[in-house]
Amino acid sequence: MKKTLIFVAALALFACKEEAPKDYVTFSGKITNKNSDSLVVRARDYSKTIQVNNDGTFSDTLKVDAGIYNLFDGAESTSIFLKNGFEIDMTIDTKMFDETVKYTGTGAEHSNFLAEKSLKEEQLIDVESLSKIADMETLEAKLDGIKTELSTFYNSNKAIDSSITNDASKNLEPMLKSLKSYIGSAIALKNEFPKGTPSPTFSDYENYDGTTTSLSDLAGKYVYIDVWATWCGPCKAEIPFLKEIEKEYHGKDIQFVSLSIDDDRSHGGSWDKAREDWKAMIADKELGGIQLFAPKGWQTEFIQDYKINGIPRFILIDPAGNVVSPDAPRPSSDELKALFTELNI
């Protein structure tokens, strides 16, 4: 009986020495070519900054609710799945951000799945390639194939936390529906304005220098029109690329027109303020080309004729005033120079 009591006591002592489950995540790693001196782990109701050493190494602990978090290194970001008790080590080279992120340690398989998922979606959902499709039947068949392939991938690993795979599956249909609407609008636009048809025109639009310009004034050269606004982030992101294109093609058989749709609604109810802000940005950014102000903003006839409901939008018109493309490549796209070369500009 005495030996039995000693054995039970020993078991109790051993049990007391067992470690309690960690109520935090241990997160460490090394960043090659780091963009910042810190990382930020963020979700809707959570944010934590992790300091990164000069050699790119970092280590910290995080108390979290289980789920997907965004991990930021400067402007770059990736997704990571965190759950208390995980011990995750990450390596990444920011020169090939999404392609090089790898996780090891307890719970790493979930974040590796998210990284693979991101690459898979990027590979399959190539908007630039899909935008070349000329008819809805082909687009729908392509999107059905993408849906099947992604659905299969999402459900390929039963070890992955179900919240990740369920969320991916739930978002797939809305994502493809939105893509179909976006590409479908471009297809409809190309069908309505096939290459070689007369372009909608405009007359006497206000120029930055105080004169007026009509589309007919530009006849005899190709005309590349950038429809933009001072408040539009994606529009402003294209400005450096547009300036480079303008510089490279200066003196060639093409004219560059920037048409602002700034209006009273986006400038405190004042058309005067809209014009002031437009002129101020042209001066501040040292914008070149022909700078025009659309007289009625979104309601301007030229904007309405070209079915423009989102910006930036780029239009290319030939020397005879006919449509080359009602939705031309952006200045940041390599396809724009390829198009210019094709046209011998």
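Here's a quick rundown of the structure. Keep in mind that what you see is a predicted model, and the values were worked out from it rather than measured.

**A few points about the overall build of the chain**
Then, in step 1: Within the chain one finds 10 helices and 15 strands.
Then, in step 2: The C-alpha radius of gyration computed for the chain amounts to 28 Å, which surpasses the reference 20 Å derived for 345 residues by more than 25%, pointing to a less compact arrangement than a globule.
Then, in step 3: When the backbone C-alpha atoms are referred to their principal axes, the chain occupies close to 110 × 45 × 40 Å.
Then, in step 4: Of the contacts formed within the chain by residues at least 6 apart in sequence, a portion of 64% connects residues at least 24 apart.
Then, in step 5: For the chain, the distance from the average position of its 39 positive side-chain charges to the average position of its 55 negative side-chain charges is 6 Å.

**A word on the sheet that holds strand β7 (residues 87-93)**
Then, in step 1: Strand order in the open sheet formed by 4 strands is β4-β1-β7-β8, with mixed pairing between adjacent strands. The outermost strands of the open sheet, each flanked by one partner alone, are β4 (57-62) and β8 (102-106). For this sheet, the mean angle separating the axes of adjacent strands, direction not counted, is 15°.
Then, in step 2: Pairing of strand β1 (residues 25-32) with β7 involves 7 bridges; the strand directions are parallel. Within β7, the position partnered with T32 by the bridge is D93.
Then, in step 3: Its contacts with the sheet place helix α3 (residues 108-124) against β7 and β8, and it is angled at close to 160° to β8.

**Quick look at unusual backbone geometry**
Then, in step 1: With an omega of 5°, the peptide bond between I311 and P312 qualifies as cis.
Then, in step 2: With respect to the element layout, P312 can be found in the loop between α9 (301-305) and β14 (313-317).
Then, in step 3: In this structure, K307 takes a positive phi of about 55° despite not being glycine.
Then, in step 4: The partly exposed category is assigned to K307, whose relative accessible area is 44%.

**Notes on helix α5 (residues 136-154)**
Then, in step 1: For α5, which comprises 19 residues, the first-to-last C-alpha distance of 26 Å matches the rise-based estimate of 27 Å (1.5 Å per residue) to within 8%.
Then, in step 2: Inspection of α5 places L139, L143, I146, L150, F153 and Y154 among the buried residues, and these make up the whole buried set. In a view along the axis of α5, the buried residues occupy a sector of 90°, so they form one face of it. Facing away from the buried side of α5 by more than 90 degrees, the exposed set consists of E137, A141, T148 and T152.
Then, in step 3: In this structure, the buried side of α5 is in contact with α3, α4 (127-130) and α6 (162-192).
Then, in step 4: Capping the start of α5 is the job of one residue whose side-chain oxygen sits 3.3 Å from the backbone nitrogen of E137: D135.

**Comments concerning the packing of aromatic side chains**
Then, in step 1: The full count for this structure, using the stated rule, is 16 aromatic pairs.
Then, in step 2: Seen from their ring centres, Y224 and F314 are 5.5 Å apart, and the 15° between their planes marks the pair as stacked. Of this pair, Y224 sits in strand β11 (residues 222-228) while F314 sits in strand β14, and the two are 90 residues apart along the sequence.
Then, in step 3: For Y224, a relative accessible area of 1% translates into the label buried.
Then, in step 4: Ring centres of F302 and Y306 lie 5.1 Å apart, and the angle between their planes is 65°; this geometry places the pair in the edge-to-face category. Across the pair, Y306 and F302 agree in class, each one buried.
Then, in step 5: One aromatic cluster in this structure is built from F193, F202, Y205, F302 and Y306.
Then, in step 6: Directly above the ring of F72 sits R42, whose terminal nitrogen or CZ lies 5.0 Å from the centroid.

**Points about the pairing of β11**
Regular strands have side chains that alternate between both faces of the sheet.
Then, in step 1: Taken across its 7 residues, β11 has 7 buried, putting it largely inside the fold.
Then, in step 2: Every second residue of β11 is oriented toward a common face, with Y222, Y224, D226 and W228 on one face and V223, I225 and V227 on the other, all of them buried.
Then, in step 3: Bridge count for β11 against strand β12 (residues 254-260) is 7 bridges, and the pairing is parallel. Residue pairing for β12: Y224 is matched across the bridge by F256.
Then, in step 4: In this fold, the crossover linking β11 to β12 by way of helix α7 (residues 233-248) has right-handed handedness.
Then, in step 5: By the bridge criterion, 5 bridges tie β11 to β14 in an arrangement that is antiparallel. Within the sheet, the bridge partner assigned to I225 lies in β14 and is I315.

**Concerning the pattern of salt bridges**
Then, in step 1: Applying the stated criterion across every chain yields a total of 15 salt bridges.
Then, in step 2: Residue D60 is joined to K48 by a salt bridge in which the shortest nitrogen-to-oxygen separation is 3.3 Å. A residue pair is termed long-range when its members are at least 10 positions apart, and D60 in strand β4 and K48 in strand β3 (residues 46-51) qualify at 12 residues.
Then, in step 3: A relative accessible area of 25% means that K48 is categorised as partly exposed.
Then, in step 4: K337 is the partner of E248 in a salt bridge, and the nearest nitrogen-oxygen pair spans 2.9 Å. Highlighted residues: E248 in helix α7 and K337 in helix α10 (residues 334-342), separated in sequence by 89 residues.

The rules we used
Residues numbered from 1 in each chain as written. Predicted model: local features only at pLDDT ≥ 70, side-chain atom pairs only at ≥ 80, totals over all residues. Heavy atoms only, no water. Helix = DSSP H or I, 4+ residues; strand = E, 2+ residues; numbered from the N terminus. Rg over C-alpha atoms; globule rule 2.2 N^0.38 Å. Contact = heavy atoms within 4.5 Å. Lys, Arg positive; Asp, Glu negative; His and termini not counted. Charge placed at Lys NZ, Arg CZ, Asp CG, Glu CD. Pairing = 2+ DSSP bridges. Axes fitted to C-alpha atoms, helices over the stretch in contact; angles between N-to-C directions. Buried < 20%, exposed > 50% of the residue type's maximum accessible area, 1.4 Å probe, protein only. Expected span 1.5 Å × (residues − 1). Arc of directions from axis to C-beta. Polar contact = N/O pair within 3.5 Å; in protein donor to acceptor, adjacent residues only side chain to side chain. Phe/Tyr/Trp six-rings, centres within 6.5 Å; stacked < 30°, edge-to-face > 60°. Lys NZ or Arg CZ within 6 Å of the ring centre and 35° of its normal. Right-handed = clockwise from strand over helix to strand, strands pointing away. Salt bridge = Lys/Arg side-chain N within 4 Å of Asp/Glu carboxyl O.

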